[in-house]
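Residue strings, one per chain:
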Amino acid sequence: MAERSTVQKAVDEYIATLEVPLRELNKNIHENPELAYEEHHAHDTLCAFLESLNIPVTRHAYGISTAFEATVGGQGRCVNFNAEYDALPGIGHACGHNLIAIASVTGFLALAYAIKKFGLPGQAQLLGTPAEEDGGGKIDLITAGAYKKVDLSLMIHPMSEDEFLDQKATGIAGRSSISLYDITCTYEGVSAHAGVNPWEGVNALDAIVMAYNGISMLRQQIRPDERIHGAIVQAPSITNAIPELTKTKYTVRSPTIKGTKLLGERVRRCLEAGALATGCKVKLEESTIYADLVVNSSLCEEFVQKMADQGDRILQMDNVPMAGSTDQGNVSHLVPALHGLIGIPVSDGAKNHTHEFTAAAGTDTAHARIVRAGKAMAMTGWRYLIDDDFSGRVTQDFDRRTALN
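Here, residues in each chain are numbered from 1, in the same order as that chain's written sequence. Only residues with pLDDT of 70 or above have their local features reported here, since the model is predicted, and side-chain atom pairs are shown and tallied only from 80 upward, although totals for entire chains, interfaces and linings are computed over all residues. Computation of side-chain values covers all heavy atoms of the structure but excludes hydrogens and water.

Novice: How do you make sense of the side chain of Glu132 when you look at a structure like this?
Specialist: Secondary structure elements follow DSSP: runs of H or I no shorter than four residues count as helices, runs of E no shorter than two count as strands, and numbering proceeds from the N terminus. Mapped onto the elements of the fold, Glu132 is located in the loop between strand 4 (123-128) and helix 5 (137-144). When accessible area is computed with a 1.4 Å probe and restricted to protein chains, residues below 20% of their type maximum are described as buried, those above 50% as exposed, and intermediate ones as partly exposed. In summary, the charge assignment counts Lys and Arg as positive and Asp and Glu as negative, without counting His or the chain termini. A side-chain nitrogen of Lys or Arg and a carboxyl oxygen of Asp or Glu constitute a salt bridge if their distance falls within 4 Å. With no salt bridge to any partner, buried Glu132 finds its closest opposite charge in Lys138, at an N-O distance of 5.8 Å. When checking whether two residues touch, look at their non-hydrogen atoms; a contact exists if any pair is within 4.5 Å. In this structure Glu132 touches Glu84, Asp86, His97, Lys138, Tyr290, Ser325, Thr326 and Asp327, once residues within four positions along its chain are discounted.

Here's what the structure looks like:
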């Protein structure tokens, strides 16, 4: 079996030959932002890029129009890389999913190259995973069986480097995320003339206002690490008729799936109370739950070392969960998973989901750092494929952590 330094040198040299096309690929996705489940340009562009390198690709994989799958290798353990590429309404790639896609493509290509060049056992799998921001594409892929053959899942996520600079680092390998799900509520009332015969109406706007006030009061009684936030997504636009239809949507967050379900039930009762008090009909729709992220200490330790080999110092892990959520959390409850956070320079240290972060996600500096992270993921995957002792420790960490949930 080839030594680590030999494999690292081969990976570095191979990815160097793709420097220009990878940068163009990143730019193409960044400049053409698409919303969840609508990422047709990104899907086609990524698939065409892989096919240009003679990598077989399954487009529209697992019955999802903007998902894809590529697999290289044979018998043995399977290392998965997840490529996200959806953007946000109005502000584009303000969460840097263009960078996530490039990191995972880089990691997959590098590991696939090593598998072929050195005759390594095992497989590298790249999944195009749409709709992380809204809908949970990885949850859909789990349901469709995309992860059945996966033994290890790897991805990174960009964020502002300012959070880590005081610790002389540019990121962290392991930080848990909290669980979330959405509740959409529709109230159906009865229209009537607001001036002539309002008593004959059933007011759907009153229902939504009562629910809003109830949930606002509920916020006083929730834990400091929990969140409830919502919006009125359909409201009346005239004043001379009793409103007959309104709609609101709330997102519920808690550190664990169990906590999210319990908090969600309390929110649900507030929404139902609005209907009960006003006489409206109510329809509640609940999304699939984004699970909390299970952090794997052995995997994080290895990724830190592989990032150091690329010249980047990142922290191993901490006990401060991200306030945001990711559907990689659901994957992390199935198999050992990495969701490393890689810092990039952002104007004034602005965080994700801002115009400043959108601009930062398109820079050469961010691209270069993310490509290095992709190579570090590839070398982490290489270690997992060839080292039974390491893969065993990763599995033990996974079993121990998931037993606590």
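Novice: What is the right way to read helix 1 (residues 4-16) from this model?
Specialist: Given 3.6 residues per turn, any residue in an α-helix points the same way as the ones three and four places further on. With 13 residues, helix 1 should cover 18 Å at 1.5 Å per step; its first-to-last C-alpha distance of 18 Å lies within 8% of that length. The set of residues buried in helix 1 consists of Val7, Gln8, Ala10, Val11, Tyr14 and Ile15. Buried residues of helix 1, seen end-on, are gathered within an arc of 165 degrees and therefore sit on one face of the element. More than 90 degrees from the buried face of helix 1, the exposed residues found are Ser5 and Lys9. Residues of helix 1 that are buried sit in contact with helix 2 (19-30), helix 4 (97-118), helix 9 (297-309) and helix 12 (364-386). Between the first and last residue of a helix there are one fewer steps than residues, each counted as 1.5 Å, and that sum is the expected span. This arc describes the spread of directions from the helix axis toward the C-beta atoms.

Novice: In this structure, what is going on with the sheet that holds strand 6 (residues 171-174)? I would like to understand it.
Specialist: Strands in a sheet are paired, the pairing made by backbone hydrogen bonds, and the direction either parallel or antiparallel. Strand pairing requires that DSSP identify at least two bridges connecting the strands. The strand order 1-2-4-3-5-12-6-11 describes an open sheet built from eight strands, whose pairing is mixed. Each end of this open sheet is capped by a strand with a single partner; those strands are strand 1 (58-59) and strand 11 (315-317). When strand 6 meets strand 11, the two strands line up parallel, connected through two bridges. Within strand 11, the position partnered with Gly174 by the bridge is Met317.

Novice: Would you take a moment to explain the packing of helix 9 against helix 12 for this structure?
Specialist: Angle between the axes and distance between the axes are the two parameters that describe a pair of packed helices. Put simply, helix 9 and helix 12 touch, their axes get as near as 8 Å, and they point 130 degrees apart. Taken together, the axis directions place helix 9 and helix 12 in an arrangement best described as oblique. Classified by chirality, the crossing of helix 12 by helix 9 is right-handed. When helix 9 is examined against helix 12, the residues Leu299, Glu302, Phe303, Lys306 and Met307 are found in contact with a partner set consisting of Arg372, Ala373, Ala376, Met377, Met379, Thr380 and Arg383. All amino acids are sorted into three groups, where Ala, Val, Leu, Ile, Met, Phe, Trp, Tyr, Cys and Pro are nonpolar, Asp, Glu, Lys and Arg are charged, and the leftover types, Gly among them, are polar. Here the contact of helix 9 with helix 12 is composed, by residue class, of seven nonpolar, one polar and four charged. Lines fitted to C-alpha atoms define the axes, with helix axes restricted to the stretch in contact, and inter-axis angles between N-to-C directions lie between 0 and 180 degrees. Each angle receives one of four descriptions, namely roughly parallel if under 35 degrees, roughly antiparallel if over 145, roughly perpendicular if within 65 to 115, and oblique otherwise. By the definition used in this description, the sense in which the near helix is turned from the far one sets the handedness, with an anticlockwise turn below a right angle giving left-handed and a clockwise turn giving right-handed.

Novice: Before we go on, may I ask you to explain the pattern of salt bridges in this structure?
Specialist: Two side chains with opposite charge may pair up if their charged atoms get near one another. Across all of its chains, the model carries 25 salt bridges by this definition. With a shortest N-O distance of 2.7 Å, Glu161 and Arg369 are connected by a salt bridge. Of the two residues, Glu161 sits in the loop between strand 5 (152-160) and helix 6 (162-165) while Arg369 sits in helix 12, which places them 208 residues apart along the sequence. Of the two residues, Glu161 and Arg369, both sit in the buried class. Asp389 is the partner of Arg393 in a salt bridge, and the nearest nitrogen-oxygen pair spans 2.4 Å. Pair noted here: Arg393 and Asp389 are both in helix 13 (residues 388-403), with a separation of four residues, about one helical turn. Given a relative accessible area of 32%, Arg393 falls into the partly exposed group. Exposure remark for Asp389: the relative accessible area of 51% places this residue in the exposed category.

Novice: Explain the pairing of strand 4 here, please?
Specialist: Consecutive side chains along a regular strand alternate between the two faces of the sheet. The buried count for strand 4 comes to six of six residues, which makes it a mostly enclosed element. With burial as the criterion, each face of strand 4 is covered, one bearing Gln123, Gln125 and Leu127 and the other bearing Ala124, Leu126 and Gly128. As judged from the six bridges shared by strand 2 (residues 68-73) and strand 4, these two strands associate in the antiparallel manner. Residue pairing for strand 4: Ala70 is matched across the bridge by Leu126. Two elements, strand 3 (residues 78-83) and strand 4, share six bridges in a ladder whose sense is parallel. From the neighbouring strand, Asn82 faces strand 4, where its bridge partner is Leu127. By convention, a crossover is right-handed whenever its connection, traced from the first strand over the helix to the second and viewed with the strands pointing away, goes clockwise. Regarding the hand of the β-α-β motif, the stretch spanning strand 3, helix 4 and strand 4 is right-handed.

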